[in-house]
Structures are given as C-alpha cells and as structure tokens.
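An overview of the molecular structure
The residues making up each chain are set out below.
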Amino acid sequence: MGEALRVSDKKERSSNIELMRIVMILLIIMHHYVVNSTVMDGVQMDAITPNVIFLQLWGMWGKTGINAFVLVSGFFLCTGRLTWQKYFKLVLEIFFYNIVIYVVFLVMGYESLSLKALFHVFFGIFHYAGDGFFASFMLFYLFVPFLNLLIKNLNSVEWHRLLALLIFVQVVTVTIFRSHAFNEISWYMTLYLLGAYLRIQAGDWSKQFSFSLKWLIVFVLLAWVSVLGIDYLCYSFHYGSWGTAFYLVSDSSKLLAFLVGVAIFQTFRNMPLGHSRFINELAKTTFGVLLIHGNSDAMRKFLWQDIVGVPAMLDAPLPSLVAHAAVSAVLIYAVCAAIDYARIQFFEKPIMGWIASKYGK
C-alpha cells in the first residue's frame, strides 16, 4: 500500500511539473514575441504608449521561465541518474532541428551556404556555451553526476551556507552591485543545487501550496511595479530605453527573475492537480518547441517578422495587440508541439528503441 501511494503521488507530481513546463514555454514564447521580433526597436521612453507598456509586461517573463525549467532538473535528477542514453537523446534532438531547419531555410533563402553557418549548425553547442540556453544547458548537464556527489556529502549547515554564498555572489552582487559574476552554466548549477535542496532539505513550508501561491503573487506584482517604476524614472529623466525597465528580470540571476522563477516552481510543484496523461504527453514536446521557435536569427525573422508580423502591431489598437499576442503564443506552441510530436514518433522512438535493444536503457 505504501509503495502504491508513492507511485500515485509521483504521478500527481509529474503532472504538476509537466504542466509547469508547458506554461514556462508559453512564457518564453511571450518573451520572444517582444525581444525577438524587433517590435520595440524604435521605441523611445519619451513617447511611451499603452501598447509599449503592454508589450513590456507581456514579454518580461522569459528568464523566469528558464529558471523554473532548470529547477526541475535539480528536483528530480538529484536522487536519480543521468544516463548517456538520456543525454544522447537531447543531443540528437538538437542536431536534428539544427540541420533540418538550416536546410529548410537555405532552400527558402533565409540562410546562406557558408562555413560560418555550417559551423554554427554543427558546433553551436560549444560556440554558444555561456551565451545561449541550449549550449549552456547541455554543458551544464555534464556536471550533474558530480553535483549529485556533492549533494550526497552535504549536511544541513553546509547546504545553507553553500546556497547563501552562491545566491549572494550570483544574485545580490549582479543585481545590486552590477557585477559580472553571472554565467549561464554556473547559474544552472546553482539552480540545480537549489532544486535538490527544495526536495531533500527544505522544511514543511516548501510543500504548502497556499504559501507558494501567496509569494508568487507578491513577486509577480513586484516585478510589474519594478517595470512601471523604471519606466516612470526613465520618462522623467529622459534616460534609458524600453529595455532598461527589464533590469530586475533581464538576466536569469537578477533578483526578481530568480524569485519569480522559484515561486513558479514551488507553486506548480504543490498544486493539487491529479495525473493527466494529456498534460504528460504534451509536455514531452516542450524542449522541441524551444528548439524550433528559438532556433536561429533566420527563424526569428521568418517567424516573428514575416509570418506573425509583430512589428506592425506596435501601432494597432490595444485590444487587437492583446489578442494578437495571446493567439500567436498559443498557435506557435501548438504548431511546434505537433512538429515535435511527429519527430518523436517517427524519428526519436525508432532510434532510441534500437539503442535500448543494443545497449540497454
């Protein structure tokens, strides 16, 4: 009976976390609607409009989404094992989309055939290390076995001291003192350790849905207030650009990006949601959705400027802009998820099935 309850709880937790991953990808798509579309390139702070404010509030959650996404790895892998098969599956997915999307855009005229372009397709996972999510995430993953060794040998006091030091260096000094301590790979290691802490060491407070939801609401409101407050200061002193208002959420380790990300993870983790096969199946495509819609500069131009037509919406009526942004996010997720589901069925499953039969899981 005890084992059955643990399995049931695991199913419920998995649906909670998988739903969070879906929502996080939607937040990242919303972020890209603003920052990858060039819609705000000509915006000046002395001519701020309701449309600009909406776009700022709509597109400010990309880094918080990344934080919650990485926390999942620490929460689950800290007591598990990252096998070479699991890692290879992610590498295979990255190369699949890099090659296929490059060839498609080459035919369409969005890409050129050059050594530089081919270098980015095949070696971008190393070239963009520390300056791109996919490259940084995959290299960070190589440290997981060593991070788990560290986790096994930390006592409670050491846990708290290590996390306090890491957060001070990478959050406090970066946000308040404008240091250059932030690096994506080391930051993902910090989030991994924090996710492990929340699973292994944190007290009962970390398992309370109402507590988590309350702080999520507080941090989201603070993030909105920070954007509007910086907007006002920039307008009053004729300083900065629309992006200046993103200061507290502009990088993953900025204070409010960090706090909102943790609160999102905790809220979804503790959400009273039962097991959902649909959510779990849909969530399998989240990494693929990221890879497709955020693949390259060519994809950014093709998707956001030519297909979705975001730049033209800056001067549209506000209700039209809101509807356009919302529908675009959902449709992009749906189309990319459908593409990735097909890849999983017709490409990934046969290859990984053959590997499993040859080498085991």
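See above for the structure.
Report follows, based on the coordinates. (Residues numbered from 1 in each chain as written. Predicted model: local features only at pLDDT ≥ 70, side-chain atom pairs only at ≥ 80, totals over all residues. Heavy atoms only, no water.)

Digging into the overall build of the protein
What counts is decided by this rule: Helix and strand definitions here come from DSSP, where helices need a minimum of 4 consecutive H or I residues and strands a minimum of 2 consecutive E residues; each element is numbered from the N-terminal end. Should any heavy atoms of two residues lie within 4.5 Å, those residues are counted as being in contact. The protein chains shown are the only cover counted for residues, whose accessible areas, like all others here, come from Shrake-Rupley with a 1.4 Å probe. Counted as positive: Lys and Arg. Counted as negative: Asp and Glu. His and the chain ends are not counted at all. Think of each charge as sitting on NZ of Lys, CZ of Arg, CG of Asp or CD of Glu.
Helices and strands together make up the secondary structure of the protein, namely 15 helices and zero strands. Referenced to the eigenvectors of the C-alpha coordinate spread, the extents of the protein come out at roughly 60 × 50 × 40 Å. Of the contacts formed within the protein by residues at least 6 apart in sequence, a portion of 81% connects residues at least 24 apart. Roughly 17900 Å² of accessible area belongs to the protein as shown, and the carbon and sulfur atoms make up 68% of that amount. Averaging the locations of the 26 positively and 20 negatively charged side chains of the protein gives two centres separated by 11 Å.

As for helix α13 (residues 286–293)
Our working rule: Exposure classes here rest on a 1.4 Å probe applied to the protein chains alone. A residue is buried below 20% of its type maximum, exposed above 50%, and partly exposed in between.
In terms of burial, α13 is largely enclosed, as eight of its eight residues are buried. Among the residues making up α13, those that are buried are Thr-286, Phe-287, Gly-288, Val-289, Leu-290, Leu-291, Ile-292 and His-293.

So, helix α6 (residues 133–141)
Burial runs high along α6: nine of the nine residues are buried. Among the residues of α6, those classed as buried are Phe-133, Phe-134, Ala-135, Ser-136, Phe-137, Met-138, Leu-139, Phe-140 and Tyr-141. Here the buried face of α6 lies against α3 (62–77), α4 (84–108), α5 (115–127), α7 (144–152), α9 (184–200) and α13.

Quick word on the layout of surface pockets
Put simply, the rule is: Here the term cavity refers to a set of points on a 1 Å grid, laid over the protein atoms alone, in which a 1.4 Å probe fits but cannot get out; the term pocket refers to an open set having protein on both sides within 12 Å along at least five of seven lines, with lining residues being those that place an atom within 4 Å of a point. Grid points are joined across faces, edges and corners, and a volume is the space filled by probe spheres set on the points. Following the grouping adopted for this structure description, the nonpolar residues are Ala, Val, Leu, Ile, Met, Phe, Trp, Tyr, Cys and Pro, the charged ones are Asp, Glu, Lys and Arg, and the polar ones are all others, Gly among them.
Volume-wise, the second largest pocket comes out at about 1200 Å³. Around the second largest pocket sit 42 residues that line it, and Gly-132, Gly-294, Asn-295, Ser-296 and Arg-300 are the ones nearest its centre. In terms of residues, the lining of the second largest pocket owes the most to one element, α5, which gives seven residues. Taken together, the residues that form the lining of the second largest pocket break down as 21 nonpolar, 13 polar and eight charged.

Focus on the packing of aromatic side chains
Formally: Working definition: rings of Phe, Tyr and Trp (its six-membered ring) pair if their centres are within 6.5 Å, and the pair is stacked with planes under 30 degrees apart, edge-to-face with planes over 60 apart, and tilted otherwise. Throughout this description, the term charge over a ring refers to an Arg CZ or Lys NZ atom that lies within 6 Å of the ring centre and within 35 degrees of the ring normal.
Counted according to the given criterion, the structure contains 29 aromatic pairs. Put simply, the rings of Phe-69, Phe-133, Phe-134, Phe-137, Phe-140, Tyr-141, Tyr-188, Tyr-192 and Phe-287 touch in pairs and so form one group of aromatic residues. Seen from the ring of Phe-75, Arg-199 lies directly overhead, with NZ or CZ sitting 5.2 Å from the centre.

Observations regarding the packing of α3 against α9
Applicable threshold: Inter-axis angles, ranging from 0 to 180 degrees, are taken between N-to-C directions of lines fitted to C-alpha atoms, where helices are fitted over the stretch in contact. Comment on the angle field: the value is read as roughly parallel under 35 degrees, roughly antiparallel over 145, roughly perpendicular from 65 to 115, and oblique elsewhere. Definitions for this section: a left-handed crossing has its near helix turned counterclockwise from the far helix by less than a right angle. A right-handed crossing has that turn clockwise.
Running from N to C, α3 and α9 point in directions that differ by 55 degrees, and their axes come no closer than 7 Å. On the basis of their axis angle, the class for α3 and α9 is oblique. α9 is crossed by α3, and the crossing has right-handed handedness. For the pair formed by α3 and α9, the contact residues are Ile-66, Asn-67, Val-70, Leu-71, Ser-73, Gly-74, Phe-75, Phe-76 and Leu-77 on the first element and Trp-187, Tyr-188, Leu-191, Tyr-192, Leu-194, Gly-195, Ala-196, Leu-198 and Arg-199 on the second. In the contact of α3 with α9, the residues fall into 13 nonpolar, four polar and one charged.

Considering unusual backbone geometry
Among all residues except glycine, the phi angle is most often negative; among peptide bonds, the trans geometry is most common. Here the phi dihedral of Thr-38 falls at roughly 70 degrees; this positive angle occurs in a residue that is not glycine. Tracing the chain through its elements places Thr-38 in the loop between α1 (2–35) and α2 (50–58). Classification of Thr-38 by relative accessible area gives partly exposed; the value is 32%. Its identity as a non-glycine residue notwithstanding, His-238 has a phi of 50 degrees, on the positive side.

With respect to the environment of Gln-85
Our working rule: Nitrogen and oxygen atoms within 3.5 Å of one another constitute a polar contact, given that in protein one can donate a hydrogen and the other can accept it, and given that sequence-neighbouring residues count only through two side-chain atoms.
Checked against the element boundaries, Gln-85 lands in helix α4. Using a relative accessible area of 8% as the deciding quantity, one classes Gln-85 as buried. When the C-alpha positions of Gln-85 and Ile-355 are compared, they lie 8.0 Å apart, and in sequence the two are 270 residues distant. Among the polar contacts made by the side chain of Gln-85, one reaches the side chain of Trp-84 at a distance of 3.3 Å.

With respect to the packing of α3 against α6
Direction vectors running N to C along α3 and α6 enclose 15 degrees, while the axes themselves pass 13 Å from each other. When the axes of α3 and α6 are compared, the pair comes out roughly parallel. Judged by the twist between their axes, the crossing of α3 over α6 is right-handed. Residues Ile-66, Phe-69, Val-70, Ser-73 and Leu-77 of α3 lie in contact with α6, whose contacting residues are Phe-133, Phe-137, Phe-140 and Tyr-141. Taken together, the residues of the contact of α3 with α6 break down into eight nonpolar, one polar and no charged.

Here we look at the environment of Gly-124
Examined against the element boundaries, Gly-124 turns out to sit in helix α5. For Gly-124, a relative accessible area of 8% corresponds to the buried category. Considering only alpha carbons, one finds Gly-124 and Met-352, 228 residues apart in sequence, at a separation of 23 Å. Setting aside its immediate chain neighbours within four residues, Gly-124 contacts Phe-119 and Ala-135.

Details of a nonpolar patch on the surface
Here is the rule we go by: Only residues whose relative accessible area exceeds 30% and that take part in no salt bridge are eligible for patches, with like-charged residues grouped when within 9 Å of each other and nonpolar side chains (Val, Leu, Ile, Met, Phe, Trp, Tyr) grouped when within 5 Å. By definition here, a salt bridge exists when the distance from a side-chain nitrogen of Lys or Arg to a carboxyl oxygen of Asp or Glu is within 4 Å.
Taken together, Ile-99, Val-103, Val-107, Phe-119, Phe-122, Phe-123 and Phe-126 make up a surface patch of nonpolar side chains, about 680 Å² in accessible area. The set of elements that each furnish at least two residues to the nonpolar patch consists of α4 and α5. Of the residues forming the nonpolar patch, the biggest block, four residues, is contributed by α5. One can find Val-107 in helix α4.

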